[in-house]
Structures are given as structure tokens and as C-alpha cells.
Amino acid sequence: PHLAALVLARGGSKGIPLKNIKLLAGVPLIGWVLRAAIDAGVFHSIWVSTDHDEIEKVAKQFGAQVHRRSPEVSQDSSTSLEAITEFLNHHQEVDIVGNIQATSPCLHPSDLIKVADLIQKEGFDSVFSVVRRHQFRWSEVKKGENKMTEPQNLNPAKRYRRQDWPGELYENGSFYFAKRHLIEKGYLQGGKMAYYEMRAEHSVDIDIDIDWPIAEQRVLSFGYFGKEPLKEVKLLVCSIDGCLTNGRIYVTEDHKEMVSYDYRDIVGIDLLKKRGIQVRLISDRDCSKTLSAIQLGCVAKVNVTNKLQVLKDWQEDMDLSWKEVAYLGNEESDVECLKQAGMSGVPADACAPAQKAAGYICKSRGGCGAVREFAEHIFLLLEKVNSARKQ
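Residues numbered from 1 in each chain as written. Predicted model: local features only at pLDDT ≥ 70, side-chain atom pairs only at ≥ 80, totals over all residues. Heavy atoms only, no water.

Note the following rule: UniProt positions are given in the numbering used here, feature names are shortened, and annotations may be inferred rather than shown by experiment.
The protein chain has the name N-acylneuraminate cytidylyltransferase in an unreviewed UniProt entry, where Aegithalos caudatus is given as its organism. As recorded by UniProt, the Sequence similarities (unreviewed entry) comment attached to the protein chain reads in full: "Belongs to the CMP-NeuNAc synthase family."

Encoded structure:
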């Protein structure tokens, strides 16, 4: 049977405009779940249902196909079931839909693989995700009512200790898998049902109980970063024009060039060095005077016609794997380097091809703190590497 992953990503959002493609830890929100779905390797097709051009663009960048949903199922009042039903009406080849929520960025491929087995091999008609919570519930007393609250799932005279109570299962909204015949009857849950219990640290729902800064920390700690294990970065190569500087060149009357940089970026480079990470600079043009004036003390290569070859030479000279190399670029000449490096980033104002090739898109523009921001991103991922080693 044809198992399709389907992510519903409407353009309208009352809380955060275009939330589904807002950057979370440098990756569009929808990108986290698409990466997990693709790497799970259990889906015959992976789709994003949207009514918005920008969401379509991002979905395709991450390797998904796009179903353009109709205005009728793109309203604030439209239900997920209506959007899924419309998708099935246009895709008769699909037998099972795995509806994955874009707002669950800590989803891992291992979860999706196990759920696919439940519905394909064990014969369940529908499977949905839950999380175990240890929360005591009390009845609500509305204002003006002359009554007392009552315990719902505990005896106050004999309260459980957390370790003695198994807790309760709650839907967490990460995914809902269902067979076509069930959806066509108007159900996402029904028939022979099963739940799949997710780990609490992977159960992150931005829609319900978490805000953006907290979500970024959770993703950096518990998110899925790809099939290859993270390695400690030992080399950062940074493009000078448009990353270290804002790309503007000021020319005086006596034909001297001047550029500007952000002191925060200089501090970022210094912090990287203190952590034992080499920083090297690269440029298409001859900016040796600029480097001399800034006095960074970094190895640099200017007048470069083939940045990828220089990057390869440095990687081989230092005897590094590509996972140990980070690259910050902003132009088309950086694209191949961004694709090759184990960790890649671009400033917020980088060109479109560079943004598409990068794994992290900074909030800061080039020459305005992007290097420092990317350095902080590297440090956070290093913490994740160290945490994995301890485990």
C-alpha cells in the first residue's frame, strides 16, 4: 500500500505570520519534520499541502512534493480532516496518510518507522502519537457556582509520588496515521486503533505549550539533525565580503577603498579561537588591505576563483572530515562549499541559492553580527555533541 506523508501548512496564522517557515534554530519550522520524514525511508511520497507560494518554495527545497490546497479548505475554520480529504481526492494512488504536524520539530525518523510498521505490518487502521504526563487534574469551578473543586485522577489523602504513578497518556498532536477507507468515512481515528508513545523530550508542540526561544533550545538539545552523527567542528571558513563585512565598498576621492565590520563578529571569531576552532577567511577579490587593517590574525586566501578547491585543500591539510568543517557564505560562489561542509550557514541577506544550500540561516545580516550568531550556533551544537558523548 502507498503510504504518503502529508504536512498541512496553511499560509494564514493568527499567532505568528507564516509560522510554518519561520526559522527555528536556523531551519524553517517545516524543515525539521520534512527532514525526519525523508530520512525515515518508509514513505512512498512526501507532501506539503499549502495555499502559499513561499511555503511551497521551502517545501520543495527540503525535497517534498506540493499539493496546492483550494481556498475552501484554507480558511481559519477549515479542519485538518477536510484538507486531508481534499488531498486524497486528488491522489487516488495513496492508501494510507501519515499526517505530520509542522509544529512538532523534535520528531525523529525512528518514531515514524515504528508507526509505519504498526499500520502496515500489524494491521492497525489508525495510529496517533501520545505523550505520558504526570499531572493531577481537578474539576473546574466557574465563577458564581456555589460548589467546591473535586479531584479527577487522585486521592488528596494519598498523593502518588511521581515515581510510583505511571501517569496518563495525552495526545500530543505530532502525527495521525490513518487508512484511506477510514478518512473517507470522516475519521482520522477509528477502526482498529493504536497509540504510539513518544518520549517526553521529543514531544514539542509550538502551537500549544511552548514559545519560540524555548522551542529553539529544545530542538538544539533533542531535535533530529540528520543521519550522520554530529562531530565537533574544528575549522570555520568564512567568506569576507557579505559575511564578515556587509558587502559594501566605499571609495574615497583618492580611490581608496573602505569597508565596515561589526565588532561583535570580531568577538565571535575570538571566541571560536579560544574554543580551539580554527577560523580561516576567503574572498573572490583582493581584500588583503582590509584584512591587514582589521588585524584578525587568521589564515586568509583572497583573489580566489574556485572556493571549493581552496576549502578542500584546507580540509585535507588539517586532516579533517567534512563533518568537522563549518562554512559561512552568502553568494553563488559559496554554494558548493555550503553543500560540502558538515555545518553551513548564511547571513539573513544572502542570495537565494546560498540560502537554499545552507543548513542555518542567521537572523543577522552580513557585517551586522552574522559571524557572531553563527559562532553561537556552533557552540550550541558542540554542547549537543558533548552531551551525546556523555550518554
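Remarks on the overall build of the protein chain
Where we set the bar: Numbering goes from the N terminus for both helices and strands, where a helix is a DSSP run of H or I of at least four residues and a strand is a run of E of at least two. The buried label applies to any residue whose accessible area, calculated with a 1.4 Å probe on protein chains only, is under 20% of its type's maximum; exposed applies above 50%, and partly exposed to all values in between. Every residue pair with non-hydrogen atoms within 4.5 Å of one another is taken to be in contact. Note on areas: Shrake-Rupley, 1.4 Å probe, and residue coverage restricted to the protein chains presented here. The convention is simple: Lys and Arg are positive, Asp and Glu are negative, and His and the chain ends are not counted. By convention, the point assigned to a charge is CZ for Arg, NZ for Lys, CD for Glu and CG for Asp.
Of the regular secondary structure elements, the protein chain holds 13 helices and 17 strands. Seen through its C-alpha atoms, the protein chain measures out along the principal axes to roughly 80 × 55 × 45 Å. Residues counted as buried form 50% of the 391 residues belonging to the protein chain. For the protein chain, long-range pairs separated by at least 24 residues make up 65% of all intrachain contacts whose partners lie at least 6 apart in sequence. With the model as given, the accessible surface of the protein chain reaches about 19700 Å², and the carbon-plus-sulfur share is 47%. Across the protein chain, the centroid of the 51 positively charged side chains sits 5 Å from that of the 53 negatively charged ones.

Description of helix 3 (residues 80-90)
Listing the buried residues of helix 3 in full gives Ala83, Ile84, Glu86, Phe87 and Leu88. Buried residues belonging to helix 3 abut strand 1 (3-8), strand 4 (45-50), strand 5 (65-68), strand 6 (96-100) and helix 5 (180-184).

Regarding the side chain of Ser239
Considering the arrangement of structural elements, one finds Ser239 in strand 10 (residues 235-239). Residues contacting Ser239, with those up to four places away along its chain left out, are Leu244, Ile282, Lys307, Leu328, Gly329, Asn330 and Asp334.

As for the packing of aromatic side chains
Our working rule: Aromatic pairing here means that ring centres of Phe, Tyr or Trp (its six-membered ring) are within 6.5 Å. Orientation follows from the plane angle: under 30 degrees is stacked, over 60 is edge-to-face, and everything else is tilted.
Enumeration over the complete set of coordinates arrives at 8 aromatic pairs. Aromatic side chains Phe136 and Trp165 sit 5.0 Å apart centroid to centroid with 20° between the ring planes, which places their arrangement in the stacked category. A residue pair is termed long-range when its members are at least 10 positions apart, and Phe136 in the loop between strand 7 (126-133) and strand 8 (168-179) and Trp165 in the loop between strand 7 and strand 8 qualify at 29 residues. Overall, the relative accessible area of 10% leaves Trp165 in the buried class.

Quick word on the domain arrangement of the protein chain
To keep it simple, the criterion reads: The domain limits used here are those given by an automatic or database domain assignment. Buried area is understood as the total, over both parts, of accessible area removed when two parts are fitted together, assessed with a 1.4 Å probe. Each salt bridge in this description consists of a side-chain nitrogen of Lys or Arg and a carboxyl oxygen of Asp or Glu lying within 4 Å of one another. In protein, a polar contact requires one atom able to donate a hydrogen and another able to accept it; more generally it is a pair of N or O atoms within 3.5 Å, and residues adjacent in sequence count only if both atoms are side-chain atoms. We call Asp, Glu, Lys and Arg charged. Ala, Val, Leu, Ile, Met, Phe, Trp, Tyr, Cys and Pro are nonpolar, and the rest, Gly among them, are polar.
Split into domains, the protein chain comes out as domain 1 (3-222) and domain 2 (235-389). The centre of domain 1, based on its C-alpha atoms, is set 37 Å off from the matching centre of domain 2. With 10 residues of domain 1 at the contact, the number on the domain 2 side is 9 residues. Taken together, the two surfaces of domain 1 and domain 2 that pack against each other cover about 800 Å², and 59% of this comes from carbon and sulfur. Counting every contact that joins domain 1 to domain 2 gives 1 salt bridge. Of the charged contacts, one joins Lys363 and Glu216 as a salt bridge, the two residues approaching to 3.4 Å between their closest N and O atoms. The interface formed by domain 1 and domain 2 holds 1 residue pair in polar contact (both at pLDDT 80 or more) in total. A per-class count over the side of domain 1 that touches domain 2 returns 5 nonpolar, 4 polar and 1 charged.

Remarks on the sheet that holds strand 15 (residues 325-328)
Each strand in a sheet pairs with another by means of backbone hydrogen bonds, the pair being arranged parallel or else antiparallel. Put simply, the rule reads: Should DSSP find at least two bridges between two strands, the strands are taken to pair.
With parallel pairing, 6 strands are arranged side by side in an open sheet as 14-13-10-15-16-17. Bordering the open sheet on either side are strand 14 (299-301) and strand 17 (360-361), each of which pairs with just one other strand. Alignment of strand 15 against strand 16 (residues 343-346), held across 3 bridges, turns out to be parallel. For Ala326, the partnering residue across the bridge sits in strand 16 and is Met343.

Here we look at unusual backbone geometry
Backbone geometry places Asn303, a non-glycine residue, at a positive phi of 55°. Mapped onto the elements, Asn303 comes out in the loop between strand 14 and helix 10 (307-317). Judged by its relative accessible area of 51%, Asn303 falls in the exposed class.

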